[in-house]
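Each chain is listed here by its residues.
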Amino acid sequence: MRRINRTRFIIGTLVAIIVVIALMASQNESKNWWPSTHLNDSTPYGGKALGLVLEKIGYTTQAQNAPLSKIPADARLWFVLDYQTTFSDREADDLLNWVKQGGILFWVPPDGSSSFFGDSSAHPGVDLIQKKLGTGRSGTPSFDNNGLPKMSPLNLDTVTNYREGITSASSTGTTLTFTPSRDNSFKAGPRLQVASPPGGQIVRFDAGKGHIFVFSDAWMLCNFGLSKPANATLVANMVRVHLTNASGKAYFDERQHNNELAPPMPDDWPARMRQKPVVFAVWQLLVVGLGALVLVSRRLGTAVPLPSTAPVTRASGFARAMGGLLFKAARPKIAAQIIGESFRTRLARRVGLSPRESDDVLAARASEISGIDRELLSRALIASRAPATDESSALRDAQQMERILEQLG
């Protein structure tokens, strides 16, 4: 059985790892199960029902698709329901400061896998809110044949004014997670488990005069979730309890739908490999692979010493090594010149003349002694003074010179 070359094995392993990373990134994006919650979207994944619920309470709704220099003065509610929403750190700080002044923020945090394989640097505002609240999400909902989540009963666990008028409510199986260390620059009050502790599926943070409602996913707030009357009543109650003055606007932060602000993720896996941090992982693997090749491979031109205690018995091996060195040095003409000078000297000695004699004199004398064709001797002597520059011609001339010397004896 043929053994696998070690270098090929390392390169093949690195290529396989890179392909696996790309496929994982592609599968992660293809399995994105977040609803779009677009305000004007009437599909089961959209947010048109949420807008209608708020308008029935008395709020005007508006989609926010452009960067903000400051939070609008008429804003009373703000919805950030997609982890791909694009805004800056400064806008995130403005939004949290607006909450402290009495605003209400509805927010869905990203999960760990999306922040690892996705380009999280494209959503710094969402990442900053997640860091300051120390909130994440875990679990994956199960779906039916229509691609819609299977909702399960929601256990409300808070004050009665949230539960008023609700006979049942439902949500998916995802839950919220909380990190033990939170950013001290944002002074949020204790969290209130609105539904399904421990961990919770709905949690309220108090910050100054305002509140932040954190949902484990956006399905309860999309058209499919709000088609269940108890869910719509629960969301309306959470707004009514804290905002008795039903004037102002409810803003849906949908900058992820603005292609100029947040271009959609590519669908082909080669393009996904160019996304961060996948591209960083690929480059790291390539650097590690090159380092491994340097460590395990023999450097080109490494000297192999001759045996110090035993004679070199294989002349053919020595000749091949010398020939290889000369070939690598690209100096066949030098080798031919050395061989030619040696041939002329040895020929002159055997015929009893000086190597400085002319080619005609040396050829005539050698032909007279050995019977070798004079023209053949003249061509060999000319080649000894004007050696060939290519390897094949130099080798041919050297072989001819060796035969002539053998015939001279």
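Residues numbered from 1 in each chain as written. Predicted model: local features only at pLDDT ≥ 70, side-chain atom pairs only at ≥ 80, totals over all residues. Heavy atoms only, no water.

Observations regarding the overall build of the chain
Secondary structure assignment for the chain yields 15 helices and 11 strands. In the chain, which comprises 409 residues, the share counted as buried stands at 42%. Put simply, 71% of the contacts in the chain that link residues at least 6 apart link residues at least 24 apart. Only carbon and sulfur atoms are counted for the fraction: they give 56% of the accessible area of the chain, which is about 22,500 Å². (Helix = DSSP H or I, 4+ residues; strand = E, 2+ residues; numbered from the N terminus. Buried < 20%, exposed > 50% of the residue type's maximum accessible area, 1.4 Å probe, protein only. Contact = heavy atoms within 4.5 Å. Areas by Shrake-Rupley, 256 points an atom, 1.4 Å probe, with all protein chains shown as cover.)

Observations regarding the sheet that holds strand E11 (residues 249-253)
As summarised here, the arrangement of the 7 strands in space is E1-E11-E2-E3-E10-E9-E8, forming an open sheet in which the pairing is mixed. Both outer strands of the open sheet, strand E1 (60-64) and strand E8 (191-195), are each paired with one neighbouring strand and no more. Neighbour to neighbour, the strand axes of the sheet diverge by 20 degrees on average, direction disregarded. Taken together, the 4 bridges between strand E2 (residues 75-80) and strand E3 (residues 104-107) define a ladder with parallel strand orientation. Within E3, the residue paired with Trp78 across the bridge is Leu105. Across the face of the sheet, helix H2 (residues 48-57) comes into contact with E1, E2 and E11 while running at roughly 165 degrees to E11. (Pairing = 2+ DSSP bridges. Axes fitted to C-alpha atoms, helices over the stretch in contact; angles between N-to-C directions.)

A look at the environment of Ala388
Its location among the elements puts Ala388 in the loop between helix H14 (374-385) and helix H15 (391-408). For Ala388 and Ala335, which are 53 residues apart along the polypeptide, the C-alpha to C-alpha distance reads 9.5 Å. In this view, Ala388 contacts Pro332, Lys333, Ala336, Ser393, Ala394 and Asp397; residues no more than four positions away in its chain are not counted.

What about the confidence of the model for the chain?
Counting all residues, the mean pLDDT for the chain is 77, and 70% of those residues have values of 70 or more. When mean pLDDT is taken per element in the chain, E3 scores highest with 93 and helix H4 (residues 112-117) scores lowest with 44. With pLDDT under 50 throughout, residues 27-31 is counted as low confidence; its partners more than four residues away or in other chains account for 9 contacts. Every residue in residues 113-120 is under pLDDT 50, and counting partners more than four places away or in other chains gives 20 contacts. (pLDDT = per-residue confidence, 0-100.)

Some details on the side chain of Thr61
Along the chain, Thr61 falls in strand E1. For Thr61, a relative accessible area of 16% corresponds to the buried category. A polar contact of 3.0 Å, which involves the side chain of Thr61, links it to the side chain of Glu55. Not counting residues up to four positions away in its chain, the partners in contact with Thr61 are Leu39, Gly51, Leu54, Glu55, Ala250 and Phe252. (Polar contact = N/O pair within 3.5 Å; in protein donor to acceptor, adjacent residues only side chain to side chain.)

What about H2?
Taken as a whole, H2 has its buried residues at Leu50, Gly51, Val53, Leu54 and Ile57. Summarising the axial view, the buried residues of H2 lie within an arc of 160 degrees, below the 170-degree limit, and thus occupy one face. Away from its buried face by more than 90 degrees, H2 exposes Leu52 and Lys56. Where H2 is buried, its residues touch E1, E2, helix H7 (223-226), helix H8 (229-242) and E11. Trailing H2 by a residue or two, Gly58 shows a phi angle of about 130 degrees, which is positive. (Arc of directions from axis to C-beta.)

Description of the nonpolar core
Within the largest apolar cluster, 36 residues are counted, with the highest numbers of intra-cluster contacts made by Leu77, Phe106 and Met238. Broken down by secondary-structure element, the contributors of at least two residues to this core are H2, E2, E3, E8, strand E10 (210-215), H8 and E11. Per-element tally for this core: the top contributor is H8, with 7 residues. Of all hydrophobic cores here, the second largest spans 24 residues; its members include Phe87, Trp107, Val126 and Val214. (Core = buried A, V, L, I, M, F, W, Y, C linked by side-chain atoms within 4.5 Å.)

Considering the pattern of salt bridges
Close approach of charged atoms lets side chains of opposite charge pair. Counted according to the given criterion, the structure contains 7 salt bridges. The residue Asp94 makes a salt bridge to Arg90 at a minimum N-O spacing of 2.8 Å. In this pair, Asp94 and Arg90 are both assigned in helix H3 (residues 89-100), 4 residues apart and thus about one turn of the helix distant. Since its relative accessible area comes to 40%, Arg90 is described here as partly exposed. (Salt bridge = Lys/Arg side-chain N within 4 Å of Asp/Glu carboxyl O.)

Looking at H15
Over its 18 residues, H15 extends 26 Å from the first C-alpha to the last, a length consistent with the 26 Å expected when each residue adds 1.5 Å. Buried within H15 are the following residues: Ser393, Ala394, Asp397, Ala398, Met401, Ile404, Leu405 and Leu408. One side of H15 carries all its buried residues, which in axial view fall inside an arc of 130 degrees. Residues of H15 that are exposed and point more than 90 degrees away from the buried face comprise Ser392, Leu395, Glu406 and Gln407. Those residues of H15 that are buried are in contact with helix H12 (332-351), helix H13 (359-370) and H14. Taken from the residues just after H15, Gly409 is the one with a positive phi, measuring 80 degrees. (Expected span 1.5 Å × (residues − 1).)

Notes on the packing of H12 against H13
Packing of H12 against H13 leaves a shortest axis separation of 10 Å and a crossing angle of 55 degrees. In terms of their interaxial angle, H12 and H13 are classed as oblique. As H12 runs across H13, the sense of the crossing is left-handed. Contacts between H12 and H13 pair Arg344, Leu347, Ala348 and Val351 from the former with Asp359, Leu362, Arg365, Ala366 and Ile369 from the latter. Split into classes, the residues belonging to the contact of H12 with H13 amount to 6 nonpolar, no polar and 3 charged. (Parallel < 35°, antiparallel > 145°, perpendicular 65-115°, else oblique. Left-handed = near helix turned anticlockwise from the far one by under 90°. Nonpolar A, V, L, I, M, F, W, Y, C, P; charged D, E, K, R; others polar.)

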